[in-house]
Amino acid sequence: MEKRESLWEAYLRRGLSRRSFLKGCVALTSLMGLSTDMFSKVVEAAETKPLPVVIWIHGHECTGCDESFIRSASPLASDLVLTNIALEYDHLLSAACGAPFEAHLDETINKYNGQYILCVEGAVATKDSGIYCMSGGHTFTHLLEKAAKGAAAIIAYGSCAAYGGIQAAKPNPSGSAGISHFVGGKPVVNVPGCPPIPEVMTGVVMHVALFGSLPPLDGDGRPKQFYGNRIHDTCYRRPFFDAGMFAETYDDAGSKAGWCLYKLGCRGPETYNSCGNLRWWQGMSYPIQSGAACIGCSNKNFWDEAPFSDRLPQYGKLGDIDKIGAALGVLTAAGVGAHAVGSIIQKNSRKDLTEEEHEE
Ligand code: FSX
Ligand code: SF4
Ligand code: F3S
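Here we summarise the structure given alongside this text. (Residues numbered from 1 in each chain as written. Chains lettered and ligands numbered in written order. Predicted model: local features only at pLDDT ≥ 70, side-chain atom pairs only at ≥ 80, totals over all residues. Heavy atoms only, no water.)

**Here we look at the overall build of the protein chain**
Working step 1: The number of helices and strands found in the protein chain is 15 helices and 11 strands.
Working step 2: Counting only residues that meet the buried cut, the protein chain has 51% of its 360 residues in that class.
Working step 3: When contacts within the protein chain are restricted to residue pairs at least 6 apart in sequence, long-range pairs at least 24 apart make up 72% of them. (Helix = DSSP H or I, 4+ residues; strand = E, 2+ residues; numbered from the N terminus. Buried < 20%, exposed > 50% of the residue type's maximum accessible area, 1.4 Å probe, protein only. Contact = heavy atoms within 4.5 Å.)

**Brief notes about the site of ligand 1**
Working step 1: Close to ligand 1 lie 13 residues; Glu61, Cys62, Cys65, Cys160 and Cys194 are nearest.
Working step 2: Between Cys65 and ligand 1, the recorded distance is 3.1 Å, taken from a backbone N or O atom to an oxygen atom.
Working step 3: Every element with two or more residues in the shell around ligand 1 is listed here: helix H4 (64-69) and helix H8 (159-163). (Near = heavy atom within 4 Å. Polar contact = N/O pair within 3.5 Å; in protein donor to acceptor, adjacent residues only side chain to side chain.)

**Looking at the packing of aromatic side chains**
Working step 1: The final tally for this structure, using the stated rule, is 12 aromatic pairs.
Working step 2: On the numbers, 6.2 Å between centres and 80° between planes, the contact of Phe69 with Tyr157 is edge-to-face. Of this pair, Phe69 sits in helix H4 while Tyr157 sits in strand E7 (residues 151-157), and the two are 88 residues apart along the sequence. Take Phe69 and Tyr157: they sit in the same class, and that class is buried.
Working step 3: With centroids separated by 5.9 Å and ring planes inclined at 90°, the aromatic side chains of Phe241 and Phe246 adopt a geometry described as edge-to-face. Across the pair, Phe246 and Phe241 agree in class, each one buried.
Working step 4: Connected via pairs of aromatic rings, a cluster forms that spans Trp8, Tyr11 and Phe21.
Working step 5: Stacked on the ring of Trp8, the Lys or Arg Arg18 has its end atom at 4.7 Å from the ring centre. (Phe/Tyr/Trp six-rings, centres within 6.5 Å; stacked < 30°, edge-to-face > 60°. Lys NZ or Arg CZ within 6 Å of the ring centre and 35° of its normal.)

**A short note on the pairing of strand E2 (residues 86-90)**
As a general feature of sheets, a regular strand has side chains that alternate between the two faces.
Working step 1: The buried fraction of E2 is high, at 4 of 5 residues.
Working step 2: As defined by bridge partners, strand E1 (residues 53-58) adjoins E2 across 4 bridges and the pair is classed as parallel. Its bridge partner lying in E2, Trp56 is registered against Asp90. (Pairing = 2+ DSSP bridges.)

**Remarks on the site of ligand 2**
Working step 1: Taken together, His232, Cys235, Arg237, Arg238, Phe241, Cys260, Leu261, Tyr262, Cys266, Gly268, Pro269 and Ile288 make up the full set of residues adjacent to ligand 2.
Working step 2: Using a 2 Å cut-off from the grid points, one finds that ligand 2 occupies the largest cavity. (1 Å grid on protein atoms, 1.4 Å probe; cavity = no way out; pocket = protein on both sides within 12 Å on 5 of 7 lines; lining within 4 Å. Sits in = over half its atoms within 2 Å of the grid points.)

**Digging into the environment of Ile197**
Working step 1: Tracing the sequence through the fold places Ile197 in the loop between strand E9 (188-191) and helix H9 (198-211).
Working step 2: C-alpha of Ile197 to C-alpha of Cys65: the two residues are 132 residues apart in sequence and 8.5 Å apart in space.
Working step 3: Those residues in contact with Ile197 that lie beyond four places of it in its chain are Asn273, Ser274, Cys275, Leu278, Arg279 and Trp280.

**Let's talk about a nonpolar patch on the surface**
Working step 1: A contiguous nonpolar patch, built from Ile70, Leu92 and Leu93 and spanning about 230 Å² of accessible area, is present on the exposed surface.
Working step 2: Along the chain, the position of Leu92 falls in the loop between E2 and helix H6 (98-111).
Working step 3: Overall, the relative accessible area of 43% leaves Leu92 in the partly exposed class. (Patch = residues over 30% accessible without salt bridge, like charges linked within 9 Å, V, L, I, M, F, W, Y side chains within 5 Å. Areas by Shrake-Rupley, 256 points an atom, 1.4 Å probe, with all protein chains shown as cover. Salt bridge = Lys/Arg side-chain N within 4 Å of Asp/Glu carboxyl O.)

**Structural notes on the nonpolar core**
Working step 1: Membership of the largest hydrophobic core comes to 51 residues, with the highest contact counts inside it found for Ile155, Val191 and Met201.
Working step 2: Per-element tally for this core: the top contributor is H9, with 7 residues.
Working step 3: With residues up to four places along the chain from it excluded, the contact list for Val191 reads Ile155, Ala156, Tyr157, Gly158, Pro196, Val200, Met201, Val204 and Tyr227. (Core = buried A, V, L, I, M, F, W, Y, C linked by side-chain atoms within 4.5 Å.)

**Thoughts on the sheet that holds strand E3 (residues 116-121)**
Paired through their backbone hydrogen bonds, the strands of a sheet run either parallel or antiparallel.
Working step 1: Across the sheet, 5 strands lie side by side as E2-E1-E3-E7-E9; this open sheet has parallel pairing. Strands at the two margins of the open sheet, each flanked by one partner only, are E2 and E9. Strand after strand, the sheet turns through a mean of 20° between neighbouring axes, direction not considered.
Working step 2: One ladder, built from 4 bridges, connects E7 with E9; its direction is parallel. Pairing of Ile155 across the sheet is with Val189, part of E9.
Working step 3: On top of the sheet, H6 reaches E1, E2 and E3; it is set at about 130° to E2, its chief contact. (Axes fitted to C-alpha atoms, helices over the stretch in contact; angles between N-to-C directions.)

**Looking at H9**
Working step 1: Taking 1.5 Å per residue as the helical rise, H9 with its 14 residues ought to reach 20 Å, and the 20 Å between its terminal C-alpha atoms agrees with that figure.
Working step 2: Downstream of H9 by a residue or two, Gly212 has a phi angle that is positive, lying close to 65°. (Expected span 1.5 Å × (residues − 1).)

**Notes on the pattern of salt bridges**
Working step 1: Enumeration over the complete set of coordinates arrives at 11 salt bridges.
Working step 2: The shortest N-O distance in the salt bridge between Glu47 and Arg18 comes to 2.6 Å. Note that Glu47 is positioned in helix H3 (residues 39-48) and Arg18 in helix H2 (residues 18-31), a separation of 29 residues in sequence.
Working step 3: On the basis of relative accessibility, which here comes to 33%, the residue Arg18 falls in the partly exposed class.
Working step 4: The residue Asp220 makes a salt bridge to Lys300 at a minimum N-O spacing of 3.2 Å. Taken together, the residues span a long stretch of sequence, with Asp220 in the loop between H9 and helix H10 (224-227) and Lys300 in the loop between helix H13 (275-278) and helix H14 (321-324) at a distance of 80 residues.
Working step 5: With a relative accessible area of 42%, Lys300 lands in the partly exposed category.
Working step 6: Shared partners join several salt bridges into a network, and the residues in it are Asp218, Asp220, Arg222 and Lys300.

Now the structure itself:
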């Protein structure tokens with residue numbers, strides 16, 4: 001088998017300097033959520049490890065995940081695809097198509113058996129033998145099972161691949177489901193979001209590529225460093241929540257002044273994701289910053305929890321701390337009552353959050 005080049009060798013081939021290689025490694029270290037003392041290990045791996053072969057397939061979905069991915073800014077999606085990985089097959093980004101393209105997939109699967117990273121977007125359509133989602137003349141189920149067999153790691157990119165997504169909404173006519181039952185028991189890294197943040201995907205792919213292992217995952221298979229906090233914990237509107245200042249409609253004065261969107265249905269208090277930290281398009285914005293309430297798009301079954309304008313079922317008295325975590329009542333010097341509610345809320349343990357609790 002021919003020797004595949006490392007990231008450093010790919011930089012050299014493209015005439016890029018050692019300085020830009022090291023800058024790239026700094027960016028990767030931070031993207032993977034590693035501390036700076038891991039920098040030398042990242043450089044060493046990037047100098048020696050062959051670029052990862054990636055097969056990227058698409059099932060039942062809207063392709064918004066790719067729309068997000070191709071706008072990855074750090075690194076640029078083009079750099080990731082052209083320099084950091086060896087992308088051998090991608091339904092959307094590859095220029096090739098037809099029988100030779102499908103033959104290339106089979107060749108790649110055989111040639112790199114046990115070595116490639118399989119990225120999957122979209123759900124599996126299970127009903128009626130899978131005929132509602134076809135690819136290359138076969139069902140997507142067939143393609144997924146074939147590609148999963150020889151994969152070194154499998155990444156479910158998007159809420160559809162992770163949990164079923166929009167097409168799994170009741171009554172789910174195509175029997176759509178997440179991919180985990182179709183990969184032969186192999187562990188799957190879930191990167192949910194509709195769409196997910198592209199830099200999270202890049203970080204996971206590069207972690208597997210450089211260290212040959214999965215990043216630390218939570219109980220739901222999500223990379224901990226990106227799904228450890230609630231949207232609510234990092235929301236810049238949080239001071240308004242704590243002060244009991246809520247927009248009542250999308251065009252009222254509170255909304256225009258950036259007040260909390262909780263009463264407009266914001267799911268931030270029960271949603272784990274990094275939107276508030278990383279944002280999209282070089283950190284420019286995310287739903288709440290653009291004036292929309294979070295609809296919890298990285299949560300299981302979020303699609304069946306419409307209308308999204310409904311307020312969260314209520315969280316209960318602050319006495320029910322076991323479900324809410326720590327809760328603090330804070331009285332400001334101006335005499336405005338505020339509650340800062342920290343830590344974890346289990347989605348299946350929603351309780352009441354009354355207006356009175358926030359508007360003392
Ligand atoms: Fe789903 Fe992605 Fe939402 Fe769309 O690939 S997570 S519907 S943004 O495109 O799968
Ligand atoms: Fe932000 Fe929503 Fe929490 Fe309000 S409820 S602070 S808008 S995440
Ligand atoms: Fe989705 Fe909410 Fe982030 S809607 S994009 S998880 S802010």
